[in-house]
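Listed here are the chains, written in short residue letters.
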Amino acid sequence: MAARSKPATDESNETPEQPNAAVVRTREYASGPGWEIGQAAPDDAFRALDSGGTGEQVGPVLHTHPGGYARQIVAKGGLITEGVKRELEAGDKPAAEGEQG
């Protein structure tokens, strides 16, 4: 019985079966939980609303519902977008300024 041989081909023109790990873009993988843009929120985030009826957000960002009127900024597992990040930072500013003064 004659052994079959593979026909000679130019292997340099063939595409690799698996991608080169060095050229895989990081955005192809989901980011872990965290508070940076593109990540999944590790916890809920709320801000209390003014009880006077103006609807303005007051106080710091809280991770449990503060009771009364409140606005949920992001739910646990939700995507952190630029708008969410901006609201989270706005909620942290008054607390940081109050501590310095």
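These numbers were taken from a predicted model, which means no experiment stands behind them.

**Some words on the overall build of the protein chain**
Counting secondary structure elements, the protein chain contains one helix and three strands. Helices and strands in the protein chain line up, N terminus first, as β-β-β-α. Restricting to contacts in the protein chain with at least 6 residues of sequence separation, those with at least 24 account for 48%.

**Observations concerning the environment of Gly83**
Its location among the elements puts Gly83 in helix 1 (residues 82–100). Separated by 46 residues in the primary sequence, Gly83 and Ile37 have C-alpha atoms spaced 9.3 Å apart.

**Points about the pattern of salt bridges**
Enumeration over the complete set of coordinates arrives at three salt bridges. The residue Glu36 makes a salt bridge to Lys85 at a minimum N-O spacing of 3.4 Å. Taken as a pair, Glu36 in the segment before strand 1 (45–49) and Lys85 in helix 1 lie far apart in primary sequence, 49 residues in all. Two residues, Lys85 and Glu89, come together in a salt bridge whose shortest N-O distance is 4.0 Å. Here Glu89 and Lys85 lie together in helix 1, a separation of four residues that amounts to about one turn. The exposure class of Lys85 is buried, given its relative accessible area of 17%.

Parameters at a glance
Residues numbered from 1 in each chain as written. Predicted model: local features only at pLDDT ≥ 70, side-chain atom pairs only at ≥ 80, totals over all residues. Heavy atoms only, no water. Helix = DSSP H or I, 4+ residues; strand = E, 2+ residues; numbered from the N terminus. Contact = heavy atoms within 4.5 Å. Salt bridge = Lys/Arg side-chain N within 4 Å of Asp/Glu carboxyl O. Buried < 20%, exposed > 50% of the residue type's maximum accessible area, 1.4 Å probe, protein only.

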